[in-house]
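Architecture at a glance
Now for the letters of each chain:
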Amino acid sequence: MYKPETSYEEFLKSEQEKYPELNLKDIEALKERLKENIDLPPIRDKLIVMFLHSSYFDVDVAYKTIVANCKYRKELPQVFENYDPSDEEMKQVFDSMSISIVSNPSTGKQERILYTNFKNTDPREYDYVRCVRYFFMMLEYLMATSGTFDGLVLTMNSKGVCWRHVTKTPMNTMKKLLGFVQEALPVRLKEVHVLNAGNIISMLFNIIRPFMRNGLMDLLTVFPEGSTEIFDRVPIDIMPQEMGGSGKSHYEYCEETYNQMVSARDYILSL
């Protein structure tokens, strides 16, 4: 685990120990490609390493991923700008949604698990754009403190979802974010699990399916209400109690994650 203020030199040394495939020649080649594109904003050195890793150390793929990342960030400033874990909108998300990093006692390059769960199922308290801004702010914190890792596992508990939540979701924003996830992530997305999926989730997937490519569909597993098969895919000993796991309550994971982000507020504000 790193601190957000960990130097690039120390970060790079540790990352190369995790992944010997990460070499200076590829990093410099990618930096040169980025310099040649005058339309791109400056990209942080650590983030360049993240993109190279997420692209399985293919410089061409990493370059295209960064270009796509910058494009989507420009198109969605309401999601990717003005991160601040202490502002009122993010506090409102914290109060109504559990969006958290599932803490794992082991560290290193093993998968990282993210978990989402309603705290308040009242659709009047639901704001899709604020929730995804909170999520991507959390992902920035995770990258800053974990560096690279083998894969990201997203587990979403859909218990309590109703049609009014769907109608409050701006579909154009969701469509662009699906593009971002498929083209522009600086991490390796390994698995996406949707728990307690009922008819509303089926209807939602029918709406968004045209925007999901085969690659993302292959990562997606939907579990019906009451299913315990999820524990064939994620470790039961650390997953939240509310989904049948033996770990902490999702409320505890959420509070831990939020407090960690607040403690790193100065770094987050600098993004």
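What counts and what doesn't
Numbers given to residues run from 1 along each chain, matching the order in which its sequence is written. Under the rules for a predicted model, residues below a pLDDT of 70 receive no local features and side-chain atom pairs below 80 are neither given nor counted, while totals for whole chains, interfaces and linings still include all residues. By convention in this description, side-chain values take in all heavy atoms of the structure and omit both hydrogens and water. The helix and strand labels rest on DSSP assignments: H or I over at least four residues marks a helix, E over at least two residues marks a strand, and numbering proceeds from the N terminus. Taken over C-alpha atoms, the radius of gyration is set against a globule rule of 2.2 Å times the number of residues to the power 0.38. Only protein chains enter the accessibility calculation, which uses a 1.4 Å probe. A residue is then buried if its area is under 20% of the maximum for its type, exposed if over 50%, and partly exposed in between. Using a grid of 1 Å spacing that covers the protein atoms alone, one calls a set of points a cavity when a 1.4 Å probe fits there but cannot get out, and a pocket when the set is open and has protein on both sides within 12 Å along at least five of seven lines; lining residues are those with an atom within 4 Å of a point. Grid points are joined across faces, edges and corners, and a volume is the space filled by probe spheres set on the points. By the convention adopted, Pro, Cys, Tyr, Trp, Phe, Met, Ile, Leu, Val and Ala count as nonpolar, Lys, Arg, Asp and Glu as charged, and the other residues, Gly among them, as polar. In the sections that follow, a salt bridge refers to a side-chain nitrogen of Lys or Arg positioned within 4 Å of a carboxyl oxygen of Asp or Glu. UniProt positions are given in the numbering used here, feature names are shortened, and annotations may be inferred rather than shown by experiment. By this rule, a helix spans an expected 1.5 Å times one less than how many residues it contains. For this analysis, residues touch if any pair of their heavy atoms sits within 4.5 Å.

Before going further, it helps to spend a moment on the overall build of the chain. The secondary structure content of the chain amounts to 13 helices and 5 strands. The C-alpha radius of gyration of the chain comes to 18 Å, within 12% of the 18 Å expected for a compact globule of 271 residues. Overall, the C-alpha framework of the chain stretches about 50 × 40 × 35 Å when taken along its three principal axes. The buried share among the 271 residues of the chain stands at 52%.

A separate point is the layout of surface pockets. When its volume is computed, the largest pocket comes out at roughly 590 Å³. Secondary-structure elements contributing two or more residues to the lining of the largest pocket are helix H4 (59-75) and helix H13 (265-269). The element that contributes the greatest number of residues to the lining of the largest pocket is H4, accounting for 6 residues. Grouping the amino acids of the lining of the largest pocket by side-chain chemistry returns 12 nonpolar, 4 polar and 7 charged. In this model, the second largest pocket occupies a volume close to 360 Å³. Along the walls of the second largest pocket sit 20 residues, with Val 181, Gln 182, Val 187, Leu 189 and Leu 219 positioned nearest its centre. Listing elements by their share of the lining of the second largest pocket, those giving two or more residues are H4, helix H9 (171-183), strand S4 (189-197) and helix H11 (214-219).

To continue, consider the pattern of salt bridges. Inspection of every chain in the model, using the stated rule, returns 19 salt bridges. A salt bridge links Glu 111 to Lys 190, with the nearest nitrogen and oxygen atoms 2.3 Å apart. Remark: Lys 190 occurs in strand S4 and Glu 111 occurs in the loop between strand S1 (97-101) and strand S2 (112-118); sequence separation between them is 79 residues.

Turning our attention to the UniProt feature "domain: CRAL-TRIO" (unreviewed entry) in the chain. As annotated by UniProt and renumbered to match this structure, "domain: CRAL-TRIO" (unreviewed entry) occupies residues 132-251. Secondary structure within residues 132-251 divides into 42% helix and 17% strand; the distance between the first and last C-alpha atoms comes to 18 Å.

This part takes up unusual backbone geometry. Backbone geometry at Tyr 56 places phi at a positive 55 degrees, although glycine is not the residue there. For Tyr 56, the position within the fold is in the loop between helix H3 (45-54) and H4. The class of Tyr 56 is exposed, set by a relative accessible area of 55%. Unlike most non-glycine residues, Asn 82 shows phi in positive territory, near 60 degrees. Inspection of the secondary structure assignment puts Asn 82 in the loop between helix H5 (77-80) and helix H6 (88-96). The class for Asn 82 is exposed, based on a relative accessible area of 65%.

Below, the discussion takes up H9. For H9, spanning 13 residues, the distance from its first C-alpha to its last is 18 Å, which sits close to the expected 18 Å at 1.5 Å a residue. Contact partners of the buried residues in H9: H4, H5, helix H7 (128-146), helix H10 (199-208) and H11.

Next up on the list: empty space enclosed by the protein. Summed over the entire model, instances satisfying the criterion amount to 2 cavities of 30 Å³ or more. Of the pockets and cavities examined, the largest cavity occupies roughly 990 Å³. Counting residues per element, the ones that place at least two in the lining of the largest cavity are S1, S2, H7, strand S3 (152-157), helix H8 (163-167), H9, S4 and H10. Among the elements that take part in the lining of the largest cavity, H7 stands out by supplying 6 residues, more than any other. Here the lining of the largest cavity is built from residues that sort into 30 nonpolar, 6 polar and no charged. Here the second largest cavity defines a volume of roughly 60 Å³. Lining the second largest cavity we find Asn 69, Arg 73, Phe 80, Tyr 83, Phe 136, Leu 139, Glu 140, Met 143, Phe 180 and Pro 186. Taken together, the elements giving at least two residues each to the lining of the second largest cavity come down to H4 and H7. Considering each element in turn, the lining of the second largest cavity owes the most residues, 4 residues, to H7.

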